[in-house]
Each structure stands twice: as structure tokens, then as C-alpha cells.
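What follows is the residue order along each chain.
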Amino acid sequence: MTDLVIRPLVAGEEELFDSMTDPLPQLRQISYADGIAGGGYRPEHTWVALRADRVVGRAAWLLLPGSVGEPWLERFDLDLAPATEAASAVGAALLRTAHAALGGPKVYYAALPAYWRRQPEVRSVAEATMAAARLAGLVERGERIRFSWAGGPLPAPSGRFYFRPAADAAEINALVGRIAEPVVLTGAETAREVAGVDLARNPMAWLTGTQPGNWRVALHGDQPMGLAGPTADACFPMIAYLGLLDESVLGELLAGSVAALAGGGAYEVVADVDAHRVTVVAELERTGFRRIRSRVVYTPA
């Protein structure tokens, strides 16, 4: 068999990266060419595995302009024409070689279509790259699902709760301090990698364009029940933060946040949630959200 060559790209070789057939064309993600144009992808952070000048594996680490953190693995694809085990071995060799040049293993966000476990052809692609990541010393840390609401009726409020805008940043920060763990955090990975901000603990440091009055405080009588940060001032309308002091307000706080964004002209609203939060997942779906992708997170051991 022809020897395997593993190397980074050089400037002007963008077409080489794209010469490999995309194994998951149904997945909505930024193209490599757009990433190069925007400055997030760079040749020195992009590696390929070649056999007889044909790309059999590719990996691109992303580092957005102005980021304070390290690049993270955003695109990682393997040629599954050989056996899956052989493809995973190629992928592991590719990652190990790149890691050595990049100063060590980096976080890997494995983007996958929604319901990827239910589709055998998609699952085989995912299992090959995940096996390669494990062989290269990365450890799975969890899965996050991205949901999208794209119109449709919202559940009617029960009248049990009252919703008002947050008074100021101090009130938001005080409520965030009382919420042990928010149930919806959209873009938390980007906030951490780009700005070093923990969206769960310091959302105002990341959502700098969102006015406190756009945040929604849920109350029962005069008792706060939850807090939501719907924003149209990020890259797209989203529920950036949603935390609860009482789980009973979840559905109405979700629906109210979507209604506020839709009232401002949003025709799509996205929300990210950890896959293990089955109650939140169910409520998002009841509110009219649909899964559009998953991200399985791998970090250095």
C-alpha cells in the first residue's frame, strides 16, 4: 500500500482540502473557503493525510480573529473506503502528528446531523472519527444539541407567572448568581474559546450588545422564578441564556422568549441544550423547536 503522508496545508492549497468528498453533506456548517476568507481557518492549522496524492483524512482547527484561547478542532473527516478500523487508525495518526506541531491536543467539537445515532450511514462516519479522537488521546465530555424555531404557534401562557424586563445588569448578575446551572446556553463554546468567558456565570461579559431591558425575569407574585437572555444582537437571534429557580416556569419562559424575538422580526431562533437534559429537550420540542445538529465534545485527557 502507498505510504501515508501527513502534513499541513500551505497557502494556496485550499482546493486540496475540498477535494475530499464531504461525508456529511447534510450538515449545515461554515465552508472551508469561507473560513479561510474570514480568517478563522489557516493553512498552518489545517492538516491532511494523503495516499498517492489523494486526501484520505483532513482536519481543520478553527481560531476566530481576536480569540484569546487556542484553536479548536472544527472539521475532521476520514475516507471510509477502507475498513472503519483502518480509517480510524489514519485519523489517529493525523491528529497525533498535528497535535505535536500545534503544541498538544486541543478541544474537538464533533458536529453531527440531528438524530445521527438513528441513521446507520451517518453513525458509521461519526464512529470512525470518534474512535480516531479517542486513539489520539481525547476524551468524550458530553453532547449538546442545537435547536431551531422557525415559526409556528407558541403555547399559550397559563397566567400563573408574570414576566418583565430586567431592571439592570445588577439584577441580572444577582439572579445568575442564584441559578446553580442554566438549562439553555447558546454559543457557550464560542464564548469560552474566543473571549475566555463562562457564559453560565458571566453572561453579560459576552452578550455586550444586549441591553438589560431585553432580558426577561419570570415571577410568581414577587418571587423570581427564572431568567432568560433572548438576543437578536449576536450573530443570529437566539436564547443565549435561560436559567430556572423553579422548573415549573420553563415552558412559559421559553415561549415568551421566542415571542419577544419574533415580535422584533426574528424568523428563526436557535437554542443549545445539553443532551442529557431530557425535560428541557422535550419542552423545546413542545414549544416548536426542531433539532438541527449535535456537537459531541472531546477534550485532552
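Further up the page is the structure itself.
Since we're looking at a predicted model, the values are computed, not measured.

(A) Local environment of the side chain of Glu171. Within the secondary structure layout, Glu171 lies in helix α5 (residues 169–178). Here Ala167 takes part through its backbone nitrogen, which lies 2.7 Å from a polar atom of the side chain of Glu171. Those residues within four positions of Glu171 in sequence are excluded, and the remaining contacts are Arg164, Ala166 and Val217.

(B) Summary view of the pattern of salt bridges. Considering all chains together, one arrives at 19 salt bridges under this definition. Arg146 serves as the salt-bridge partner of Asp272, at 2.7 Å between the closest nitrogen and oxygen. On the criterion of sequence distance, the pair formed by Asp272 in strand β12 (residues 269–274) and Arg146 in strand β6 (residues 138–149) is long-range, its members being 126 residues apart. There is no split in this pair, since Asp272 and Arg146 are both buried. Through salt bridges with shared partners, a single ionic network connects Arg144, Arg146, Glu181, Glu189, Asp272, Asp274 and Arg277.

(C) Molecular detail of the packing of aromatic side chains. Summed over the entire model, instances satisfying the criterion amount to six aromatic pairs. Ring geometry for Phe17 versus Tyr32: centroids 4.1 Å apart, planes at 20°, classification stacked. Pair noted here: Phe17 is in helix α1 (residues 14–18) and Tyr32 is in helix α2 (residues 32–38), with a separation of 15 residues, a long-range link. With a relative accessible area of 0%, Phe17 lands in the buried category. Seen from their ring centres, Trp72 and Tyr109 are 6.4 Å apart, and the 70° between their planes marks the pair as edge-to-face. A residue pair is termed long-range when its members are at least 10 positions apart, and Trp72 in strand β4 (residues 72–78) and Tyr109 in strand β5 (residues 108–113) qualify at 37 residues. Each member of the pair, Trp72 as well as Tyr109, is classed as buried. Aromatic ring contacts, followed pair by pair, group Phe17, Tyr32 and Tyr41 into a single cluster. Across the ring face of Phe17, the terminal group of Arg58 is positioned such that the distance to the ring centre comes to 4.7 Å.

(D) How the structure looks around the pairing of β12. Buried residues dominate β12, accounting for six of its six residues. Here β12 shows a buried face lined by Val269, Ala271 and Val273 and a second buried face lined by Val270, Asp272 and Asp274. Pairing between β6 and β12: six bridges, direction antiparallel. Across the sheet, residue Trp149 finds its bridge partner in β12, namely Val269.

(E) Representation of helix α6 (residues 188–195) in the model. Along α6, the residues classified as buried are Ala188, Glu189, Ala191, Glu193 and Val194. Positive phi shows up at Gly196, right after α6, with a value of about 70°.

(F) Spotlight on unusual backbone geometry. Despite not being glycine, Asp53 shows a phi value in the positive range, around 65°. Position of Asp53 relative to the elements: it lies in the loop between β2 (46–51) and β3 (54–62). In this structure, Tyr115 is a non-glycine residue whose phi angle is positive, near 55°. Mapped onto the fold, Tyr115 is located in the loop between β5 and α4 (120–135).

(G) Seen up close, α5. Buried within α5 are the following residues: Glu171, Ile172, Leu175 and Val176. Each buried residue of α5 sits inside an arc of 135° when the element is viewed along its axis, so together they form one side. For α5, the exposed residues lying more than 90 degrees away from the buried face are Ala170, Gly177 and Arg178. Residues of α5 that are buried in the fold lie against β7 (162–165), α7 (203–206), β9 (216–220), β10 (223–231) and β11 (238–244). The N-capping residue of α5, defined by a side-chain oxygen 3.2 Å from the backbone nitrogen of Ala170, is Asp168.

Here is what the cut-offs are and how they apply
Residues numbered from 1 in each chain as written. Predicted model: local features only at pLDDT ≥ 70, side-chain atom pairs only at ≥ 80, totals over all residues. Heavy atoms only, no water. Helix = DSSP H or I, 4+ residues; strand = E, 2+ residues; numbered from the N terminus. Polar contact = N/O pair within 3.5 Å; in protein donor to acceptor, adjacent residues only side chain to side chain. Contact = heavy atoms within 4.5 Å. Salt bridge = Lys/Arg side-chain N within 4 Å of Asp/Glu carboxyl O. Buried < 20%, exposed > 50% of the residue type's maximum accessible area, 1.4 Å probe, protein only. Phe/Tyr/Trp six-rings, centres within 6.5 Å; stacked < 30°, edge-to-face > 60°. Lys NZ or Arg CZ within 6 Å of the ring centre and 35° of its normal. Pairing = 2+ DSSP bridges. Arc of directions from axis to C-beta.

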